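Each chain, written out:
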Amino acid sequence: MGGLLPAQAGAAASSGCSVSVSSSELAEALAATNANVPVHLKIDTGMGRFGCAPEDAPGLAQLIEGSRGTRLAGTWTHFASAGSDDAMTRRQFELFLGTLAAFDVAPGIRHACNSAGALNHPDYALDAVRCGIAVYGCEWPGTKPALSLKALITHLKWVEKGATVGYGSLWRAPGPARVATVAIGYEDGVNRSRANRGQVLVRGRRAPLIGMVSMDAITVDVSDVPGVQLGDVATLIGRDADQVITAEEVAEWSGTISYEVLTSIGSRVERRSPRI
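The model shown is predicted, which means the values in this text are computed figures rather than measured ones.

Along helix H2 (residues 24-31), the residues that are buried comprise Leu26, Ala27, Ala29, Leu30 and Ala31. In the core, the buried residues of H2 are packed alongside helix H1 (9-13), strand E1 (19-21), strand E2 (37-42), helix H3 (57-66) and strand E3 (70-76).

This is the structure in structure tokens:
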């Protein structure tokens, strides 16, 4: 669905996937493969990222459908502000429909709504929707989060009043404190802006993240969590007993959005399928 170079047309055609097209150059390169590639023509109605100009879309649709190497399987656009600007979203939708009305060929599957569009403008659903963040159970009221992020406590110690923890000595113990070191850091998706911000869950209780986030570790004050032991699980996103930390909550602590929180989880974090 992202941008491809014409030089990548052969690999795209052989992938077995439908291919998004925003330019005649890529359309022609795909057509030259003679692979009967299913193409979804992207029209830019205001997002300003990918997509052909609306006035160029009818000609491109004709080129795609009229070539032996491609077929027009779908036509789409992307809303820029479906969660915050109803008027702009309506303008984009109307421009999209007006552009399709000028086609001399069938547009295939028509789709415009992302997660925010599907939630806030279900009447714009057309033939398909492209839910992304909502599939994780985020940014959609009433859904159940599908992802959790957990790490192990690998070190425990008591520190005295006045002791500092982490790079820059950003946290100073207000009294005797038990500090847990957790094996996860900014390499794994815990934003450095989390220094002294937010909590994790340990044994069903919230425990504050203290000090700077390191590349491979964070430190947590577990003074108020009884019975903590080496090997205990710290939950950064998800549920532990009656407590839940959501991706949206982590995003507030990180000064970003839940999308970035989820996509920042590093490649070395082990992925496990949930038990059903």
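Picking up where we left off.
The topology assignment puts Thr235 in strand E12 (residues 233-240). Those residues in contact with Thr235 that sit more than four places away from it in its chain are Leu149, Lys150, Val200, Leu201, Asp240 and Ile245.

Think of a pair of aromatic rings as described by two things: how far the centres are apart, and how the planes are tilted against each other in angle. With the rule as written, the count across this model stands at two aromatic pairs. Aromatic side chains Phe79 and Tyr124 sit 6.1 Å apart centroid to centroid with 55 degrees between the ring planes, which places their arrangement in the tilted category. Here Tyr124 lies in the loop between helix H5 (115-120) and strand E5 (149-159) and Phe79 lies in the loop between E3 and helix H4 (86-101), a separation of 45 residues in the sequence. Residue Tyr124 is classed as buried on the basis of its relative accessible area of 10%. Judged by centre distance (4.1 Å) and plane angle (10 degrees), the rings of Phe93 and Tyr124 are stacked.

Looking now at the nonpolar core. Ranked by internal contacts, the top residues of the largest apolar core, which has 33 residues, are Val182, Ile184, Val202, Ile218, Val222 and Leu236. Only E5, strand E8 (177-182), strand E9 (199-202), strand E10 (205-210), strand E11 (218-221), E12, helix H6 (247-254) and helix H7 (258-263) provide two or more residues apiece to this core. Every residue in contact with Val182, bar those within four places of it in the chain, is listed here: Ala151, Leu152, Ile153, Asp216, Ala217, Ile218, Val220 and Ala234. Listed in part, the 23 residues of the second largest apolar core include Val19, Ile43, Ala57 and Phe96.

Let's shift gears to the pattern of salt bridges. Pairing between side chains becomes possible if they bear opposite charge and their charged atoms approach one another. Within the structure shown, the criterion is met by six salt bridges. One salt bridge in this structure joins Arg110 and Asp127, with 2.9 Å as the shortest N-O distance. On the criterion of sequence distance, the pair formed by Arg110 in strand E4 (residues 109-111) and Asp127 in the loop between H5 and E5 is long-range, its members being 17 residues apart. Judged by its relative accessible area of 27%, Arg110 falls in the partly exposed class. Judged by relative accessible area, which is 43%, Asp127 ranks as partly exposed. The partner of Glu270 in a salt bridge is Arg272, and the shortest N-O contact between them spans 3.1 Å. What emerges from the salt-bridge pattern is a single network uniting Asp188, Asp216 and Arg268.

A few words now on the environment of Ala180. One can find Ala180 in strand E8. Once the C-alpha coordinates of Ala180 and Met212 are considered, the two residues, 32 residues apart in sequence, prove to be 14 Å apart. Residues in contact with Ala180, not counting those within four places in the same chain, are Ile153, His155, Leu156, Ile218, Thr219, Val220 and Val222.

Cut-offs and rules
Throughout, a residue's number is its position along its own chain's written sequence, starting from 1. Confidence filtering applies because this is a predicted model: local features only for residues at pLDDT of at least 70, side-chain atom pairs given and counted only at 80 or more, and all residues used for totals across whole chains, interfaces and linings. Heavy atoms from the whole structure form the basis of all side-chain values; hydrogens and water molecules are not counted. Relative accessibility thresholds used throughout: buried, under 20% of the residue-type maximum; exposed, over 50%; partly exposed, between the two (1.4 Å probe, protein chains only). By definition, any uninterrupted DSSP run of H or I lasting at least four residues is a helix, any uninterrupted run of E lasting at least two residues is a strand, and each is numbered from the N terminus. Two residues qualify as a contact provided that any one of their heavy atoms is within 4.5 Å of a heavy atom in the partner residue. Aromatic pairs are defined between Phe, Tyr and Trp rings, using the six-membered ring for Trp, whenever the two ring centres lie within 6.5 Å; interplanar angles under 30 degrees are classed as stacked, those over 60 as edge-to-face, and all others as tilted. Among the buried residues, those of types Ala, Val, Leu, Ile, Met, Phe, Trp, Tyr and Cys that are joined through side-chain atoms within 4.5 Å form a nonpolar core. One speaks of a salt bridge when a side-chain nitrogen belonging to Lys or Arg is within 4 Å of a carboxyl oxygen belonging to Asp or Glu.

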